[in-house]
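Letter by letter, the chains look like this.
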Amino acid sequence: MIEATGARIIVQLLERQGITTAAGIPGGSILPLYDELSRSSITHVLVRHEQAAGFIAQGIARTTGLPAVCLATSGPGAMNLLTAIADARSDSVPLVAITGQVNSSLIGTDAFQEADTFGLSFPITKHSVMVKSPEELLQAIPQAFEIAASGRPGPVLIDVPRDVQTAVCRFDSWPEPGKRYRRAARFRSEGAEFARKIDAFACALHESSRPVLYAGGGCNSPEAAAGIAALLEVFPMPVVSSLMGIGCVPESHPVWCGMVGMHGCAAANRAMYDSDLVLAAGVRFDDRATGIVREFCPDAQILHIDIDAAEVNKILPASISVIADCESALPALAQRVREYAETESGRSARSHWLASAAGSYRSERARVPGTSACGVYGKHGPVPAAAGSTASESVVSENAGRLPDPRVFIASVPELAGRAGICASDIIVTTDVGQHQMWTAQYYPVEKPRQLLTSGSLGTMGFGLPAAIGAALANPGKRVICFSGDGSIMMNVQELATLAEQGLDVTVIVLENGSLGMVRQQQEFLFAKNYSACLFSKQPDLVRIASGFGIPAADVQSDPLWYEKAFPAAGGGPRFVRCRISRDENVYPFVPAGKPNIDAILN
């Protein structure tokens, strides 16, 4: 017979689940759990704000694909955590959030630091529960991990009253850890139905002349990316993605045509518009991706693969759909396509279509300043690149005092890191939300799944820094680069203290333009340049702030060799970089409200 308190049950079950790191802040209602945590094998990361605990957990979960844990006390602690939980729900990230609650006898009395965490969390979690006894924890903890990771991933919250943490119970044996099931939880396509639909998919693909693979976050895993590679090997076609799908096909792959949407590549948006068939895999036709829905892919037959049946036919009707995970559906489709007899005319038509779409994308990329003979600097005067020089060489040239084109600057970062001996394919990138996020999505060369971590659906400023901390914790030996803006970085700037304490290999790069850049851009185009509450009248010295936290910092404009400081060897710890850019820089393409994607403003 085993005897344990609720707090010990929680910690033991977390250890049995394989959890080695948890982020959070202690408080009165969760102190019994923290007391037990101090005697466990789990490393606790003390953050400065609970929201950051949730985003650190996201950084771990997004890079591993497995649930990560965050902790908070009752009342304001739990409520501070809710933004990160809602963000995880929106982007299908597996989290287990454990919150303390006031004693059971005080619930409903407006006790000190009491809030209805269960009620507040219910709409923004995949599952939430308040346990009433320590015995319930034996089922609730393993179940939380199973629910978070299975099917379409998402966050689970467990609210634990303080007296439940201190209460003792007896039981015969520890429960088995919660398992992960990739398959859809409900309405899944199985057996003969699955085979029939895969066959119909293969037939439709072979009958098309202008097919496009539209990949989303459901494809952003090594297993799903391998499935895409297998399909493209037997059936080459243009590939576009949502923001969350970036990385499922390497940027260098000849079929890659870029990201679709409001700030997507013109070539990708045009390919979708001109297609006669769209294979939508693990994507949900988000409004930022589709623009005006009826003009997104107006003449295309839609084949939809998704693990969540609720996403099929929600925005656009699918002629054929498979409710399944992309990891299993795509290899099966590749095998079935391989078995079909290919006609020469069909192969020729698709070959020309692919060459046209991919060629448009490469031409669009070549027009970016810093390539070929174009200038490398932005609104403050283009400076021609020296003959034979690369974009990165121009970025660190004698013109270091000028304001660089942010697109060129971001694109040059992997090469500059490579000069310091860092392998570009090993770099993990996080972003905050705003103009820098879109420039990174457009121009940073992402080559692998889970290499780019960003807040997609909820668009949460303050995501980047704590997510980078989590990614570094889960990927020791890899350099993590966080691109942020001077608006976003201030949302969770206090986590520089956490980063310094942990000594992680994270380089924070802030593009500073003295404004809320994306807000200013939309006010320029949509509100007659009425710049309301988007321009900063007082600008803090971010380099000195980072230095004050104990993090070595560099300024691109004053130090031509900033990159040597920014990218130390493995184990070199955190770095901070400020790069001033012009306030007038905009993200292009830009689709104004009420316009279809193909009517984007290009420059």
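Definitions and limits used
Residues numbered from 1 in each chain as written. Predicted model: local features only at pLDDT ≥ 70, side-chain atom pairs only at ≥ 80, totals over all residues. Heavy atoms only, no water. Helix = DSSP H or I, 4+ residues; strand = E, 2+ residues; numbered from the N terminus. Buried < 20%, exposed > 50% of the residue type's maximum accessible area, 1.4 Å probe, protein only. Pairing = 2+ DSSP bridges. Axes fitted to C-alpha atoms, helices over the stretch in contact; angles between N-to-C directions. Contact = heavy atoms within 4.5 Å. Lys, Arg positive; Asp, Glu negative; His and termini not counted. Salt bridge = Lys/Arg side-chain N within 4 Å of Asp/Glu carboxyl O. Polar contact = N/O pair within 3.5 Å; in protein donor to acceptor, adjacent residues only side chain to side chain. Disulfide = S-S within 2.5 Å. UniProt positions renumbered as here; feature names shortened; annotations may be inferred.

### A word on unusual backbone geometry
Point 1. Geometrically, the link from Y588 to P589 is a cis peptide bond, its omega value of -5° lying close to zero.
Point 2. Here P589 is to be found in the segment after β20 (575-580).
Point 3. In this structure, S92 takes a positive phi of about 60° despite not being glycine.
Point 4. Here S92 shows up in the loop between α4 (76-90) and β5 (95-101).
Point 5. We note that Q113 has phi near 55°; this positive angle belongs to a residue other than glycine.
Point 6. Inspection of the secondary structure puts Q113 in the loop between β5 and α5 (117-121).
Point 7. Its relative accessible area of 28% is what places Q113 among the partly exposed residues.

### Section: the sheet that holds strand β4 (residues 68-72)
Point 1. With parallel pairing, six strands are arranged side by side in an open sheet as β3-β2-β4-β5-β7-β6. Only two strands of the sheet have a single partner each, and these edge strands are β3 (43-46) and β6 (127-130). On average, each strand axis in the sheet is tilted by 20° relative to the strand beside it, whichever way the strands run.
Point 2. Strands in contact with helix α3 (residues 50-64) are β2 (21-24), β3, β4 and β5; relative to β4, the strand with the most contacts, it is inclined by about 175°.

### Here we look at the side chain of E495
Point 1. Following the sequence through the fold, E495 ends up in helix α18 (residues 495-502).
Point 2. No salt bridge is formed by the buried E495. Its closest oppositely charged neighbour is R48, at 5.8 Å.
Point 3. Engagement of the side chain of E495 in a polar contact is seen with the backbone nitrogen of H49, the distance being 3.1 Å.
Point 4. Discounting residues that sit within four places of it in the chain, E495 has contacts with V47, R48, H49, A52, L465 and I469.

### Details of the state of the cysteines
Point 1. According to the stated counting rule, one finds zero disulfides in the structure shown.
Point 2. Of all cysteine sulfurs, the one in C326 lies closest to C219, which takes part in no disulfide; the gap is 3.8 Å.
Point 3. By relative accessible area, which is 0% here, C219 ends up buried.

### Thoughts on the UniProt feature "domain: Thiamine pyrophosphate enzyme central" (unreviewed entry) in the protein chain
Point 1. Under the UniProt annotation, "domain: Thiamine pyrophosphate enzyme central" (unreviewed entry) lies at residues 198-333.
Point 2. Between the C-alpha atoms that bound residues 198-333 there is a distance of 6 Å. The span itself is 32% helix and 20% strand.

### Remarks on the pattern of salt bridges
Point 1. In this structure the tally under the stated criterion is 28 salt bridges.
Point 2. The salt bridge involving E190 is made with R188; its shortest N-O contact spans 3.0 Å.
Point 3. Take R188: its relative accessible area is 24%, and that puts it in the partly exposed class.
Point 4. What you see here is one network of salt bridges that share partners, running through E512, D541, D555, R578 and R580.

### Quick word on the sheet that holds strand β11 (residues 256-259)
Point 1. Reading across the sheet, the six strands line up as β11-β10-β9-β12-β13-β14 and stay open at both edges, with parallel pairing between neighbours. The open sheet is flanked by β11 and β14 (320-323), the only strands paired with a single partner. Recorded for the sheet is a direction-independent mean angle of 15° between the axes of neighbouring strands.
Point 2. Two elements, strand β13 (residues 301-306) and β14, share four bridges in a ladder whose sense is parallel. Residue pairing across strands places H304 opposite S321, the latter belonging to β14.

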